[in-house]
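Per-entry structural report
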Amino acid sequence: MLLQTLREEVLAANLELVRHGTVLYTFGNVSGIARRDGLIAIKPSGVPYEMLTPEAIVVTDLAGSVVDGALNPSSDLRTHLELYNHFPSIGGVAHTHSDHATAWAQAQCQIPCFGTTHADYFHGPVPVTPPLTKDEIAGDYERATGQAICRRFASLDPDEIPAVLVAGHGPFCWGASATAAAHHAVILEYLARMASATLAINPNARAIGPALHDKHFLRKHGPSAYYGQAPATPSLKA
Ligand SMILES: [Zn+2]
């Protein structure tokens, strides 16, 4: 089987979303990339999670052509491809319609950093894209979704902000691997839920400000990071 290890990781990352309640039915998809081979492994379209096996994970090239696998890839494949092509450091992409993150996407509001849990993972608010235009929706919709994300990140660093809310749709997350991307999808849902709760308690709540935000982000990421133990799981940069 081509890319067996990557397929197994992608399968496990997809199941991680189920385990944490971030997907319903067949919603959601995770992929991972083998940069040296120029190939990605992605969940098949419309297959129940309980029936997924490593063989069911579809391998495509970076143009979206299936290279190995009997099933059709996720219908969001072209969004994933746009992200891999424009964010060269990422190794995995995860998409969900998780409740709270999707509510923020539907409200078309970025998620402010109200606390250190957010700051540990995101060096800034979680941004939201502008809505897609009629032509973008009628045309190559999934690719246009990816392009909207990439445009939103023109002045943002995808390594420092590993997720976005697509307006009227839901979150796309990424990371150094499929495992990390799924982890970020789960964390994002937690942050979105906490942000909603924070505003319910105090509608005037404010973001924590750069001193605390930078402290928490930079102690876990970058050259001066000191959080945790010596790296044992390099694929999970969190
Ligand atoms: Zn979706």
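Source: prediction; values computed, not measured.

How each quantity is defined
Residues numbered from 1 in each chain as written. Predicted model: local features only at pLDDT ≥ 70, side-chain atom pairs only at ≥ 80, totals over all residues. Heavy atoms only, no water. Buried < 20%, exposed > 50% of the residue type's maximum accessible area, 1.4 Å probe, protein only. Helix = DSSP H or I, 4+ residues; strand = E, 2+ residues; numbered from the N terminus. Contact = heavy atoms within 4.5 Å. Pairing = 2+ DSSP bridges. Axes fitted to C-alpha atoms, helices over the stretch in contact; angles between N-to-C directions. Left-handed = near helix turned anticlockwise from the far one by under 90°. Nonpolar A, V, L, I, M, F, W, Y, C, P; charged D, E, K, R; others polar. Donors = N, O, S within 2.8 Å, 3.2 Å for Na, K, Ca; no water.

**Some points on helix α2 (residues 77-86)**
Most of α2 sits out of view: seven of its 10 residues are buried. The elements touched by buried residues of α2 are β1 (29-34), β2 (39-42), β3 (58-61), β5 (92-95), α6 (141-152) and β7 (170-175).

**Considerations on the sheet that holds β5**
Overall, antiparallel pairing links the seven strands, which are arranged β4-β3-β2-β1-β5-β7-β6 in an open sheet. At either end of the open sheet lies a strand with only one pairing partner, and these are β4 (66-68) and β6 (163-166). Averaged over all pairs of adjacent strands, the angle between their axes in this sheet comes to 25°, without regard to strand direction. Bridge count between β2 and β3: four bridges; the pairing is antiparallel. When the bridges of β3 are listed, Leu39 appears paired with Asp61. Lying on the sheet, helix α1 (residues 4-19) is in contact with β1, β2, β3, β4 and β5; it crosses β1 at an angle near 155°. The sheet strands contacting α2 are β1, β2, β3, β5 and β7, and the helix crosses β1 at an angle near 40°.

**Things to note about the packing of α2 against α6**
α6 packs onto α2 with a crossing angle of 35° between their chain directions and a minimal axis gap of 7 Å. Our pair here, α2 against α6, has a crossing hand that is right-handed. Counting all contacts with α2, which are made through Arg78, Thr79, Glu82, Leu83 and His86, the residues of α6 involved are Glu142, Arg143, Thr145, Gly146, Gln147, Ile149 and Cys150. Residues of the contact of α2 with α6, tallied by class, amount to three nonpolar, five polar and four charged.

**Points about unusual backbone geometry**
Despite not being glycine, Leu3 has its phi angle at roughly 55°, a positive value. Inspection of the secondary structure assignment puts Leu3 in the segment before α1.

**Quick notes on the environment of Ser75**
With respect to the helices, strands and loops of the structure, Ser75 is situated in the loop between β4 and α2. A relative accessible area of 49% places Ser75 in the partly exposed class. With near-sequence residues (within four places) excluded, Ser75 lies in contact with Ser45 and Glu142.

**Points about the coordination of the zinc ion**
Bound to the zinc ion are the protein donor atoms His95 (NE2), His97 (NE2) and His169 (NE2), situated 2.1 Å from the metal. Counting residues between consecutive donors of the zinc ion along the chain gives the motif H-x1-H-x71-H. Of the two residues, His95 sits in strand β5 while His169 sits in the loop between β6 and β7, which places them 74 residues apart along the sequence.

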